[in-house]
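# Coordinate analysis (summary)
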Amino acid sequence: MPRIWLGTFLVAAVSALAGCRAQKPAPPAPPPPRVTVVRPATTPVRDYWVYNGYLNTTESVEVRSKIRGFLTEVLFKEGTEVAEDAPLYTIDKREYNTAVRKAEAELLKADAEIKTWEAQIEQSKADLERVSGLIKVASASKADLDLARATLGVRVAELKAAEANRDAAKEALHSANLILSYTDIKARIPGRIGRTHVHRGNLIQADTTLMATIVRVDKLYVEFDAPEADYFAAQKARIRAHPSGDVADIEIGVGDERDFPHRGTLDFRDNRVETATGTIHVRGTLDNPLLANNVRLLYPGMYARVRVPKSDYTQQTVIPEDCLLSGQEGRFLFVVAANNAVEKRIVTVGAPVWKAPPPEPGKAPPSWIAVNPTPAPPAEGQPPAPSRRPIKSVVAITAGLLPQDRVILDGLQQARPGAPVAPEEWNLIPPAAPKK
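For clarity, every value in this text was computed on a predicted model and none was experimentally measured.

The next thing to look at is the overall build of the protein chain. When you go through the protein chain residue by residue, the secondary structure sums to four helices and 26 strands. Sorting the 436 residues of the protein chain into buried and exposed places 33% on the buried side. Partitioning the intrachain contacts of the protein chain with sequence separation of at least 6 by distance along the chain shows that 77% fall at a separation of at least 24.

Take a look at the structure:
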């Protein structure tokens, strides 16, 4: 019997222990992940068309000689800017100086002939007067009178011929001086001159030998091709905004520039659409000023990105681009509902609004920032948590987002649609307006 009781006791003890283990409480659920949320801001936004194009010079001149001769001097440094009428080349002047002196001599000869005939006319007038007096006293015949008159007429005609010869001599001298001036070849436009194709001692042929090329660089063209659909939309926008205007601003970026810092104006649209490509050629002008150390940043032939505004600035909803995600359904973001559950929101992304410029030593460029208005006190012995977060870029949202929505900025990896989160709301603040 004791053994039976002992077995019964052991079975009861084991059952009691098993029951205790089965009733052990489950571990507590982890707290919802902490996320940083911001509400969308509203700011003026302008939408753009963006095209690829290139820079071109507004004026270009080929330097050629109008006369034939040997080159004696090259008066410029290759690759530098020259002013209008700056001396470039000199051609041997000796032959053309001789032509000028000959023309001067012909002019002196014509002046001398005029004086000779003027003197003979005075003599003929005196003879005619004398013969007329003798006729009255019957000392001269009518034949003598006719001869005196004819002589005067011939000498007047000779004077007129001499005066014509003098005019021709003057024109010949002017032409000789003009041709002599062609021995000094000057810049016809201001601009940057390229390399010289001829050097001292070479024989230059008139209107044939290409000596150098000058391109204007202080004002440039930007040329690009726009699709006909964009051009049609732009025409309608111009009709609505500026019924009588024909001026549109454009923005240009080149090289590694992240933005479009150069401003220009559209000044030409071709008169037809290219049927092969469905595009129309468009051109704008922009200034290319001298910068530090007399350097111009832009160069003809450079690749350029061109941004043409679609409309004026309008107030639009904007968010940091870091809030956006991409999926098969397009661009979306996560918002936190009133019950702190995550919602997936499909949105339509509009124009880029702002992008952080590259850092410059010693300068703090204006920036969009997210600020924590109620930072938690730091733990004992720990530094305070950051309360300001710079924003890399900001974009407009044209559909799918409300101004009161709380959009997740940080903690996107822990957020899941329908799951709860612990939001910490920060304020999205635009850059301060520049002081006037």
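Given two aromatic rings, their pairing is described by the distance between the two centres and the angle made by the two planes. This model, assessed by the stated rule, comprises three aromatic pairs. Aromatic pair phenylalanine 332 and phenylalanine 334: ring centres 5.8 Å apart, planes at 55°, arrangement tilted. Here the two residues phenylalanine 332 and phenylalanine 334 agree in accessibility, since each one is buried. Directly above the aromatic system of tyrosine 182 lies the positively charged group of lysine 66, at a separation of 5.5 Å from the ring centroid. Sitting over the ring of phenylalanine 332, lysine 344 keeps its end group 4.3 Å from the ring centre.

Next up on the list: the side chain of threonine 57. Along the chain, threonine 57 turns up in strand E3 (residues 48–57). Once you skip the residues sitting within four places of it in the chain, threonine 57 turns out to touch Val215, Arg216, Leu220, Tyr221 and Pro300.

Once that is clear, we can look at helix H3 (residues 142–181). Here H3 is 40 residues long and its end C-alpha atoms lie 59 Å apart, about the 58 Å a rise of 1.5 Å per residue gives. Inspection of H3 places Leu145, Ala148, Leu152, Arg155, Leu159, Ala162, Ala169, Leu173, Ala176 and Leu180 among the buried residues, and these make up the whole buried set.

By volume, the largest pocket is sized at about 1,100 Å³. Asp259, Arg307, Val353, Trp354 and Lys355 are the residues nearest the centre of the largest pocket, which is lined by 36 residues in total. Of all the elements in the fold, those that place two or more residues in the lining of the largest pocket are strand E2 (41–45), strand E21 (348–355) and strand E24 (393–399). Looking at the lining of the largest pocket residue by residue, the class counts come to 22 nonpolar, three polar and 11 charged.

This part takes up the sheet that holds strand E14 (residues 262–269). In space, the six strands of this closed barrel follow the order E3-E12-E15-E14-E13-E16, with antiparallel pairing throughout. Taken over all neighbouring pairs, the strand axes of this sheet differ in orientation by 40° on average, direction set aside. Sheet topology note: the strand E13 (residues 249–254)/E14 ladder contains four bridges and is antiparallel. Across the sheet, isoleucine 252 pairs through a bridge with histidine 262, a residue of E14.

Attention now goes to the nonpolar core. Membership of the largest hydrophobic core comes to 28 residues, with the highest contact counts inside it found for Val63, Leu88, Tyr89, Met211 and Ile214. Put simply, the parts of the chain that give this core at least two residues each are strand E4 (60–64), strand E7 (87–91), helix H2 (94–136), H3 and strand E11 (210–215). Considering every element that reaches this core, the biggest residue donor is H2, with five residues. Filtering out sequence-adjacent residues up to four positions away, valine 63 remains in contact with Leu88, Tyr89, Ile185, Thr209, Leu210, Met211, Ala212 and Ile214. One finds Cys323, Ala351, Trp354 and Leu401 within the second-largest nonpolar core, a separate group that totals 24 residues.

Looking now at the sheet that holds E11. An order of E4-E11-E9-E6 is seen for the four strands of this open sheet, with the pairing classed as antiparallel. Since the sheet does not close on itself, it has two edges, and those belong to E4 and strand E6 (81–82), each with one partner. Sheet analysis places strand E9 (residues 191–193) next to E11, joined by two bridges and oriented antiparallel. Across the sheet, residue arginine 192 finds its bridge partner in E11, namely valine 215.

Note: most peptide bonds trans; most residues except glycine with negative phi. Even without glycine at this site, asparagine 293 takes up a positive phi of about 60°. Take asparagine 293: its relative accessible area is 76%, and that puts it in the exposed class. Unlike most non-glycine residues, asparagine 340 shows phi in positive territory, near 65°. Relative to the helices and strands, asparagine 340 resides in the loop between strand E19 (330–336) and strand E20 (342–346). On the basis of relative accessible area, asparagine 340 is assigned to the partly exposed category, the value being 27%.

This brings us to the pairing of strand E15 (residues 279–287). Strand residues, when the strand is regular, have side chains that alternate between the two faces of the sheet. With seven of nine residues buried, E15 is to be regarded as a mostly interior element. Bridge analysis of strand E12 (residues 219–227) against E15 gives nine bridges, and the strand direction is antiparallel. Considered in E15, the bridge of glutamate 223 is made with arginine 283. In this structure, E14 lies alongside E15, joined through five bridges in antiparallel fashion. Directly across from glycine 264, in E15, lies its bridge partner leucine 286.

Thresholds applied
Residues numbered from 1 in each chain as written. Predicted model: local features only at pLDDT ≥ 70, side-chain atom pairs only at ≥ 80, totals over all residues. Heavy atoms only, no water. Helix = DSSP H or I, 4+ residues; strand = E, 2+ residues; numbered from the N terminus. Buried < 20%, exposed > 50% of the residue type's maximum accessible area, 1.4 Å probe, protein only. Contact = heavy atoms within 4.5 Å. Phe/Tyr/Trp six-rings, centres within 6.5 Å; stacked < 30°, edge-to-face > 60°. Lys NZ or Arg CZ within 6 Å of the ring centre and 35° of its normal. Expected span 1.5 Å × (residues − 1). 1 Å grid on protein atoms, 1.4 Å probe; cavity = no way out; pocket = protein on both sides within 12 Å on 5 of 7 lines; lining within 4 Å. Points joined across faces, edges and corners; volume = space filled by probe spheres on them. Nonpolar A, V, L, I, M, F, W, Y, C, P; charged D, E, K, R; others polar. Pairing = 2+ DSSP bridges. Axes fitted to C-alpha atoms, helices over the stretch in contact; angles between N-to-C directions. Core = buried A, V, L, I, M, F, W, Y, C linked by side-chain atoms within 4.5 Å.

By themselves, these are just geometric observations and shouldn't be taken as functional.
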